[in-house]
Amino acid sequence: MAAASRHGLDLTLDHWDLGADRFLRDGVTITDEERDRLIDEYDAALLGALGDPRVPGNEHTRDILLGLRFGADLYINFRPCKLLVPSLSPLRNPHPDTDVVFFRENTEGLYVGVGGSFKRGTPDEVATEQSVNTWKGVDRIVRAAFEYAAATGRGRVTLVDKANVLLHEGGLWRRVFAEVGAAHPDISGDAMYVDAMAMDLVRRPERYEVVVTSNLFGDILSDLAAQVTGGLGLAPSGNLNPGSWALFEPVHGSAPDIAGDGIANPLAAVGCVSLAFGHLGMEEVAADVDDCIVASIREGITTPDLGGSATTRSVGEWMAGRLRE
């Protein structure tokens, strides 16, 4: 709200009770009516970190997060990984210009739940998971990656797959990537196997600008890149379908073991606010929020995981005060 007020924006925030407490109290994760209202009546949603050991089956996380991703067809999982302050990287000599953006396919792959078990609970049990990849799904995520590169002045898009082993899935991704890349002759396109990419993100992350990949590989590699650029405590994400409702969430998950201690890092959630403003076309507001994040790190107004002594609330209050000045 402080950033919105600074720019004279009329911003309305509504709080929705969709946490584990509600599920444990009422047995409800999210209803179909609530899901439709959230998608139809709002411009965007900021989702708090999900996960609670009191719900061992993780039902509320699955129903809410995956339900909203699939229900709104949010096929882009947008993960920017930028090194804001070099000292935060675990690498010995981090390149100060490391700035890689992941376009992770968000509605297909191994996460669609196609599979099953046979002879479950016996020594002969067989479990299968099927990776679903459609031309439409691959084409639109690859196009989104190239279009983003073109719009932001980035000169390279890298496809990550395992096409040497996953011949059918990898073959589809390679063919689509070549076709879309041909329509963007000013942008360099290359491909990396996922194991080599994991190695190279540690060795020379500054080499990569835009990465496009499948649901599973993107899930893994974007966390790796986030750690290289400062840790999951700084990692925001957006679940997007261009021109429609969007969902933003910090990717670090919840931390029930430190709930109420005031030491949870709020910067990933603040980064999500910046992404939301950018998505809504409010680039100046997003830039102010980003500047505030960098200032909090450089001035040491951070929680203990980043070397500071501030509480979660005091970090937020300091940032809000800075934005009001």
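Up top is the structure.
About the thresholds
- Residues numbered from 1 in each chain as written.
- Predicted model: local features only at pLDDT ≥ 70, side-chain atom pairs only at ≥ 80, totals over all residues.
- Heavy atoms only, no water.
- 1 Å grid on protein atoms, 1.4 Å probe; cavity = no way out; pocket = protein on both sides within 12 Å on 5 of 7 lines; lining within 4 Å.
- Points joined across faces, edges and corners; volume = space filled by probe spheres on them.
- Helix = DSSP H or I, 4+ residues; strand = E, 2+ residues; numbered from the N terminus.
- Nonpolar A, V, L, I, M, F, W, Y, C, P; charged D, E, K, R; others polar.
- Buried < 20%, exposed > 50% of the residue type's maximum accessible area, 1.4 Å probe, protein only.
- Disulfide = S-S within 2.5 Å.
- Arc of directions from axis to C-beta.
- Contact = heavy atoms within 4.5 Å.
- Core = buried A, V, L, I, M, F, W, Y, C linked by side-chain atoms within 4.5 Å.
- Salt bridge = Lys/Arg side-chain N within 4 Å of Asp/Glu carboxyl O.

(A) Representation of empty space enclosed by the protein in the model. As enumerated under the stated definition, the model contains one cavity of 30 Å³ or more in all. Roughly 50 Å³ of internal volume is contained in the largest cavity. Put simply, the parts of the chain that give the lining of the largest cavity at least two residues each are β6 (156–161) and α6 (167–182). Broken down by element, the residue count for the lining of the largest cavity peaks at three residues, all from α6. Taken together, the residues that form the lining of the largest cavity break down as four nonpolar, three polar and three charged.

(B) Quick peek at the layout of surface pockets. Taken as a whole, the second largest pocket holds about 1,100 Å³ of empty space. Along the walls of the second largest pocket sit 42 residues, with Phe78, Pro80, Tyr148, Leu275 and Asp290 positioned nearest its centre. For the lining of the second largest pocket, the elements supplying multiple residues, two or more each, are β2 (76–82), β3 (99–105), α5 (135–152), β9 (236–240), α9 (267–279) and α10 (283–298).

(C) Examining unusual backbone geometry more closely. For aspartate 73, which is not glycine, the phi torsion reads 55° and is therefore positive. By secondary structure assignment, the location of aspartate 73 is in the loop between α4 (59–71) and β2. For aspartate 73, a relative accessible area of 28% corresponds to the partly exposed category. A positive phi angle, close to 60°, is found at lysine 119, a residue other than glycine.

(D) A look at the state of the cysteines. Within this structure, the stated rule accounts for zero disulfides. Considering cysteine sulfurs only, cysteine 81 is the nearest to cysteine 272, which forms no disulfide, with 12 Å between them. With no disulfide of its own, cysteine 292 lies closest to cysteine 272 among cysteine sulfurs, the gap being 15 Å.

(E) Up close: helix α3 (residues 32–41). Residues of α3 that are buried include every one of Glu34, Arg35, Leu38 and Ile39, and no others. The arc that holds the buried residues of α3, viewed along the axis, is 125°, so those residues lie on one side. Of the exposed residues in α3, the ones pointing more than 90 degrees away from its buried face are Asp32, Glu33, Asp40 and Glu41. The secondary structure elements touched by the buried residues of α3 are α2 (20–26), β1 (44–46) and α4.

(F) Spotlight on the nonpolar core. Ranked by internal contacts, the top residues of the largest apolar core, which has 28 residues, are Ile76, Phe103, Ile141, Val142, Val157 and Val212. Mapped onto this core, the elements with two or more residues apiece are β2, β3, α5, β6, α6, β8 (210–213), β10 (246–250) and α9. At seven residues, the largest contribution of residues to this core is made by α5. Sequence-distant contacts of isoleucine 76, that is, excluding residues within four places in its chain, are made with Phe103, Arg104, Asn106, Ile141, Ala144, Gly238, Asn239, Leu240 and Pro242. By size, the runner-up hydrophobic cluster in this structure holds 21 residues, among which are Val85, Val289, Cys292 and Leu323.

(G) Layout of the pattern of salt bridges. Within this structure, the stated rule accounts for 21 salt bridges. Taking the shortest distance from any N to any O, the salt bridge between arginine 54 and aspartate 52 comes out at 2.9 Å. For arginine 54, a relative accessible area of 47% gives the class partly exposed. A salt bridge links aspartate 200 to arginine 207, with the shortest nitrogen-to-oxygen separation between them at 3.9 Å.

Don't take any of this as a statement about function, it's just geometry.
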